[in-house]
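Chain residues, written in single-letter form:
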Amino acid sequence: MSTLAGRVAIVTGASRGVGRGIALRLAADGAAVAVNYRRDGAAAGEVVKEITAGGGVAVGYRAAIDDEAATTAMVHAVRRDLGPVSIVVSNAGTASRGLDVVGTSREEYLSLLSVHALGPIGLLREALPDLRAAGRGDVVMISSNTVASAPAQAAPYTMAKAAMEIVVRTLAREERQHGIRANIVAPGLVATDMGSRLVRASAGATLGDLAESSPFGRVCTPEDVAGAVAWLVSADAGYVTGQKILVDGGGRDAAIF
Ligand SMILES: NC(=O)c1ccc[n+]([C@@H]2O[C@H](COP(=O)([O-])OP(=O)(O)OC[C@H]3O[C@@H](n4cnc5c(N)ncnc54)[C@H](OP(=O)(O)O)[C@@H]3O)[C@@H](O)[C@H]2O)c1
């Protein structure tokens, strides 16, 4: 069903993992999708190929989310290629290095804040006029259930996600008058490269090892997260803004991630 026909979505960090899942889903729902990536152009190209092979519309755009000049140029290019943007999914992200609060350098705190909170603000600085003019605009940011659990050795990541959540909740109030909905999707552990690295580092395990003890007998997938995003940007969620949806099977892995 082309419920998003006529809409243009930017999905950051869409070359793999959760972002890839979101890009595929929004394209399947009818949106034209800007597949953003930082380094891996080949992987982003595969996502574009998969979407276009299925009859959808997608173009890849290289831009590091923490480089405002690059994200501004990307929005210009998306406007030119696909049309005005009405959906921004801020998903690109990196984990922190696993040090304790005072053992973490100021540079690392700033770097994580830059990727998860300041970068998305920079992207929105350029894209927001499009979203306002669209009548219906959507911003969805991918946070993490760590904001609730604050696990040890993850302060830069969790702090940056908490900052991101405040940006979204503030935006929801500021932009409601312009028809923009701003919401948060917060997964627990997801089966991606990042998820796999975290499980290895914190528990010396693989994602497969955790399936049986996970909610519903499996680890969350990018498609699970994409489903929540697809609902939030759909007509069905037209009266929902400033909210956070946890996609963590009811919780369990907070101690790991
Ligand atoms: N996996 C989990 O267990 C989990 C749980 C909760 C929340 N999350 C959140 O979900 C989001 C996606 O995570 P994931 O597991 O899919 O990660 P992933 O498998 O490591 O993929 C990260 C994606 O983000 C891109 N990226 C990284 N830094 C970027 C930057 N500075 N600018 C633009 N793109 C950048 C990467 O592009 P390149 O490949 O080109 O570098 C890649 O497409 C993140 O925000 C993460 O914090 C993940």
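This text goes with the structure placed above it.
Residues numbered from 1 in each chain as written. Predicted model: local features only at pLDDT ≥ 70, side-chain atom pairs only at ≥ 80, totals over all residues. Heavy atoms only, no water.

S.K.: What is the right way to read the overall build of the protein chain from this model?
M.R.: Looking only at helices and strands, the protein chain features 9 helices and 7 strands. Relative to a compact globule of 257 residues, whose C-alpha radius of gyration would be 18 Å, the protein chain shows 17 Å and is just as compact. Taken over the C-alpha atoms alone, the protein chain extends approximately 45 × 35 × 35 Å along its principal axes. Out of the 257 residues in the protein chain, the part that is buried amounts to 53%. (Helix = DSSP H or I, 4+ residues; strand = E, 2+ residues; numbered from the N terminus. Rg over C-alpha atoms; globule rule 2.2 N^0.38 Å. Buried < 20%, exposed > 50% of the residue type's maximum accessible area, 1.4 Å probe, protein only.)

S.K.: Help me understand the sheet that holds strand β2 (residues 32-37) in this model?
M.R.: Taken in spatial order, the 7 strands of this open sheet run β3-β2-β1-β4-β5-β6-β7, and their pairing is parallel. Looking at which strands have only one partner, the edges of the open sheet turn out to be β3 (57-62) and β7 (244-247). When strand polarity is set aside, the average angle formed by the axes of neighbouring strands in this sheet is 15°. Bridge count for strand β1 (residues 8-11) against strand β4 (residues 87-90) is 3 bridges, and the pairing is parallel. Considered in β4, the bridge of V11 is made with V89. Here helix α1 (residues 17-28) sits on the sheet in contact with β1, β2, β4 and β5 (137-142), set at roughly 170° to β1. The sheet strands contacting helix α3 (residues 68-82) are β1, β2 and β3, and the helix crosses β3 at an angle near 155°. (Pairing = 2+ DSSP bridges. Axes fitted to C-alpha atoms, helices over the stretch in contact; angles between N-to-C directions. Contact = heavy atoms within 4.5 Å.)

S.K.: Teacher, can you tell me more about the nonpolar core here?
M.R.: It is characteristic of soluble globular proteins that their nonpolar side chains tend to be buried jointly. The biggest cluster of nonpolar side chains holds 36 residues, and the ones touching the most others in it are I22, L26, V35 and V185. Those elements that provide at least two residues to this core are β1, α1, β2, α2 (41-53), β4, β5 and α9 (222-232). Excluding residues that lie within four positions of it along the chain, L26 makes contacts with L4, A9, V11, A31, V33, I87, V89, A230 and V233. Among the nonpolar cores identified, the runner-up in size contains 32 residues, and V75, A77, V88 and M141 belong to it. (Core = buried A, V, L, I, M, F, W, Y, C linked by side-chain atoms within 4.5 Å.)

S.K.: Before we go on, may I ask you to explain the pairing of strand β6 (residues 180-187) in this structure?
M.R.: Regular strands show a simple pattern: their side chains alternate between the two faces of the sheet. β6 sits mainly inside the fold: 8 of its 8 residues count as buried. Here β6 shows no split at all, with I180, A182, I184 and A186 on one side and R181, N183, V185 and P187 on the other all buried.

S.K.: Please clarify how the side chain of S114 should be interpreted in this entry.
M.R.: Following the sequence through the fold, S114 ends up in helix α4 (residues 106-133). S114 gets classed as buried once you look at its relative accessible area, which sits at 18%. Residues contacting S114, with those up to four places away along its chain left out, are D66, G119 and P120.

S.K.: Even after reading the chapter, I still don't get unusual backbone geometry, so can you show me in this structure?
M.R.: What is expected of a backbone is that most residues other than glycine have negative phi and most peptide bonds are trans. The phi angle at A150 is positive, at roughly 45°, despite the residue not being glycine. Of note in this structure, Q153 is not a glycine but carries a positive phi near 60°. Note on placement: Q153 falls in the loop between α5 (146-149) and α6 (155-175). The exposure class assigned to Q153 is partly exposed, which follows from its relative accessible area of 44%.

S.K.: Whenever I open this one, helix α7 (residues 193-203) confuses me. Can you help?
M.R.: One full turn of an α-helix is made of 3.6 residues, so residues set three or four places apart face in the same direction. M194, G195, L198 and V199 are the residues of α7 that are buried. All buried residues of α7 lie within an arc of 130° about the axis, which places them on one face of the element. Of the exposed residues in α7, the ones pointing more than 90 degrees away from its buried face are R200 and A201. Contacts made by the buried residues of α7 are with α6 and α8 (207-210). The opening residue of α7, the one whose side-chain oxygen lies 3.2 Å from the backbone nitrogen of M194, is T192. After α7 finishes, the residue G204 shows a positive phi value of roughly 60°. (Arc of directions from axis to C-beta. Polar contact = N/O pair within 3.5 Å; in protein donor to acceptor, adjacent residues only side chain to side chain.)

S.K.: Please explain the layout of surface pockets as it appears in this structure.
M.R.: One simple way to see leftover space: roll a probe sized like a water molecule over the atoms. Quantified by volume, the largest pocket comes out at close to 740 Å³. Lining the largest pocket are 38 residues; nearest its centre among them are N91, A92, G93, T94 and M194. For the lining of the largest pocket, the elements supplying multiple residues, two or more each, are α1, β2, α4, α6 and α7. In terms of residue count, the dominant contributor to the lining of the largest pocket is α7 (5 residues). The residue makeup of the lining of the largest pocket, split by class, is 15 nonpolar, 15 polar and 8 charged. (1 Å grid on protein atoms, 1.4 Å probe; cavity = no way out; pocket = protein on both sides within 12 Å on 5 of 7 lines; lining within 4 Å. Points joined across faces, edges and corners; volume = space filled by probe spheres on them. Nonpolar A, V, L, I, M, F, W, Y, C, P; charged D, E, K, R; others polar.)

S.K.: Is there a simple way to think about α1 in this case?
M.R.: The first and last C-alpha atoms of α1 sit 17 Å apart over 12 residues, in line with the 16 Å expected at 1.5 Å per residue. Buried-residue contacts for α1 involve β1, β2, α2, β4, β5 and α9. (Expected span 1.5 Å × (residues − 1).)

S.K.: Explanation requested: the environment of V48 in the structure shown.
M.R.: With respect to the element layout, V48 can be found in helix α2. Classification of V48 by relative accessible area gives buried; the value is 16%. If near-sequence neighbours (up to four positions away) are discounted, V48 is found in contact with V35, A58, V59 and G60.

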